[in-house]
Amino acid sequence: MRRFVIGRGRNFLNRSHQQNLLSSSSSHCQSRFLSSTSVIDSPSSSSMAPTSSPAITVDSLNPKVLKCEYAVRGEIVSIAQRLQQELQTNPGSHSFDEILYCNIGNPQSLGQQPITFFREVLALCDHPSILDRSETQGLFSADSIERAWQILDQIPGRATGAYSHSQGIKGLRDTIAAGIEARDGFPADPNDIFLTDGASPAVHMMMQLLIRSENDGILCPIPQYPLYSASIALHGGTLVPYYLDEATGWGLETSEVKKQLEAAKAKGITVRALVVINPGNPTGQVLAEENQRAIVDFCKKEGLVLLADEVYQENVYVPEKKFHSFKKVSRSMGYGEKDISLVSFQSVSKGRYFHFFSKW
Ligand SMILES: Cc1ncc(COP(=O)(O)O)c(C=O)c1O
C-alpha cells in the first residue's frame, strides 16, 4: 500500500476556508437574525429591506480568536484533504492511494488497535440494561463487566447521563486519587481533581482563571505544543517565551527562564505562571529530577503557578530516563499547597487514562 504521510501544518484558522464558510453560511444566518430581531425591535420591521452586509465576517470576529494559531490544522492539512477528495473522485490520480494524517497524535490512524477494555466498559456504563442480558457474557470480557458494575455502583441512580458533579463523578475521582497516590507515594485528595473532556479544556480553564488582561504573562517553552500560545491569545494574555536548548537535549535552564521573566517584568508584564511540558511535545525530552527541583524552587521563589503538562507521562522511550511527576518532586522537597501552586494536566487521549487535571 502506498501512502502519503503529511506532517504538521500551519495556521489554526485557514483564512480562505474561513472566508468560504462564513460567506456560504452568512445569508442563512442573516435571515434568521433579521427575522428574530425584527419581532423584538420593531413591529413594523417586516417591511424592512434585508441589509447587504453579513452579520458575521472574518473582520468582525473576536480579534482574540483571529490571533490564535494552532499549527496542527492548517494549510498542509487542507492540501491533504483536497488530495483525499481527488483520490476518492478519481482513483489512481496520484502516485499514492491513501493519506495518513500525522498532524494529530491519533495512534489509531497509524494502525494501533484501540484498547478494548476501555471501550467495553464505556459501552456497558452507557447502556447498562445490556449488563443483565445473557449474550453480554459472550460479547464482553468478564473484567469489563465487573468494572462497569463497580463504576455504576458509584454513580447516583446507577446511570451515566448528560450531567454529573461539576468536578466529575466522585467515585471516579476517588479511583484516580488512589492511582496518583500509588504513583507518587504521597496522599492525593479527590476534591483536588477535576475531570474534563480533554486536557485542552483544562488548560483553557486555567488560562481563564489566571489571565486578567494583556498585562498578565504566561511563561511558555519554545518549541511548544500550540495549545498554549492559542489559549493565551484567546484569553487576551501575553506569551512570555523561554527557549529550550537543543544542544543539551532540549534542556530547560532556569537561568533562561529567569532571564525571560525579568525581561517581561521590565516591560510591565505580571508573569503569573510557568508552563512546563514534561515529557516534552514536540521535543520528547524528559526532565531530570534535579532539574524539576530547580523549577519548583524557582516557581516558589517567584510566586508563579506551575502548570505541569504531564499528558505524556507514559510515553518515555529511552530506558535511562524516568518520568517524575511535579507533585511527587514538590512533595519530596517538603512543599505543600501553601508553598507552591501546582496544577498538573493528564489525558486519556494518549491511550491510557481519563482526562483530568488536578491541583495541589
Ligand atoms: C503536550 C500536550 N498537551 C495537551 C494536549 C491535549 O490533550 P487532550 O487531547 O487531552 O486535549 C496534547 C495533545 O496532543 C499535547 O501534546
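The name an unreviewed UniProt entry gives the protein is alanine transaminase, with Citrus sinensis as the organism. Turning to the protein, the UniProt annotation filed under Subunit (unreviewed entry) states: "Homodimer." Note on the protein: under the UniProt heading Cofactor (unreviewed entry), the record states "pyridoxal 5'-phosphate".

Let us look at the pairing of strand E4 (residues 216-222). Most of E4 is tucked away: six of the seven residues are buried. One ladder, built from four bridges, connects E4 with strand E6 (residues 270-277); its direction is parallel. Bridge pairing in E6 places Leu 219 opposite Leu 274. The pairing of E4 with strand E5 (residues 238-243) spans six bridges and is classified as parallel. Paired with Cys 220 across the bridge in E5 is Pro 241. Running through helix H9 (residues 227-234), the crossover from E4 to the neighbouring parallel element E5 is right-handed.

This part covers the nonpolar core. Considering soluble globular proteins, one finds that nonpolar side chains tend to be buried as a cluster. In terms of nonpolar packing, the biggest core is built from 45 residues, with Leu 219, Ala 273, Leu 274, Val 275, Val 276, Leu 306 and Leu 307 touching the most fellow members. Sort the elements by how many residues they give to this core and E6 lands first, with six residues. If you look at the next biggest cluster of nonpolar residues, it comprises six residues, including Leu 124, Cys 125, Phe 140 and Ile 151.

Let us look at the site of the ligand. Not every one of the 13 residues close to the ligand is listed here, only the nearest: Gly 198, Ala 199, Ser 200, Ser 347 and Ser 349. Class assignment of the residues belonging to the shell around the ligand gives a composition of five nonpolar, seven polar and one charged.

Right, let's get into the packing of helix H4 (residues 116-126) against helix H6 (residues 142-154). Following both chains from N to C, one finds H4 and H6 inclined at 50°, their axes separated by 9 Å at the closest point. With respect to each other, H4 and H6 are oriented oblique. Here H4 runs over H6; the crossing is right-handed. Contacts from Phe 117, Glu 120, Val 121, Leu 124 and Cys 125 in H4 reach Asp 143, Ser 144, Ile 145, Arg 147, Ala 148, Ile 151 and Leu 152 in H6. In terms of residue class, the contact of H4 with H6 is made up of eight nonpolar, one polar and three charged.

Rules used throughout
- Residue indices follow the written sequence of each chain, beginning from 1 at its first position.
- Only residues with pLDDT of at least 70 get local features here, since the model is predicted, and only at 80 or more are side-chain atom pairs given and counted; chain-wide, interface and lining totals rely on the full set of residues.
- UniProt positions are given in the numbering used here, feature names are shortened, and annotations may be inferred rather than shown by experiment.
- Working definition of burial: number of other C-beta atoms within 10 Å of the residue's own, with buried at 20 or more, exposed at 12 or fewer, and partly exposed in between, all C-beta atoms being placed from the backbone.
- Counting from the N terminus, the helices are the DSSP runs of H or I reaching at least four residues and the strands are the DSSP runs of E reaching at least two.
- Pairing between two strands requires that DSSP report at least two bridges joining them.
- We call a crossover right-handed when, viewed with both strands directed away from the observer, the connection leading from the first strand over the helix to the second proceeds clockwise.
- To define a nonpolar core, we join buried Ala, Val, Leu, Ile, Met, Phe, Trp, Tyr and Cys residues through C-beta atoms within 7 Å and take the resulting set.
- For each residue, a C-beta position is placed from the backbone atoms; the residue is near a molecule or strand when that point lies within 6 Å of it.
- By the convention adopted, Pro, Cys, Tyr, Trp, Phe, Met, Ile, Leu, Val and Ala count as nonpolar, Lys, Arg, Asp and Glu as charged, and the other residues, Gly among them, as polar.
- Between N-to-C directions, angles cover 0 to 180 degrees, with each direction set by a line fitted to C-alpha atoms, over the stretch in contact for helices.
- In these notes the angle categories are as follows: under 35 degrees is roughly parallel, over 145 is roughly antiparallel, 65 to 115 is roughly perpendicular, and the rest is oblique.
- The hand of a helix crossing depends on one turn: near helix anticlockwise from the far one by less than a right angle means left-handed, and clockwise means right-handed.
- We call two residues in contact if the C-beta atoms placed from their backbones are at most 7 Å apart.

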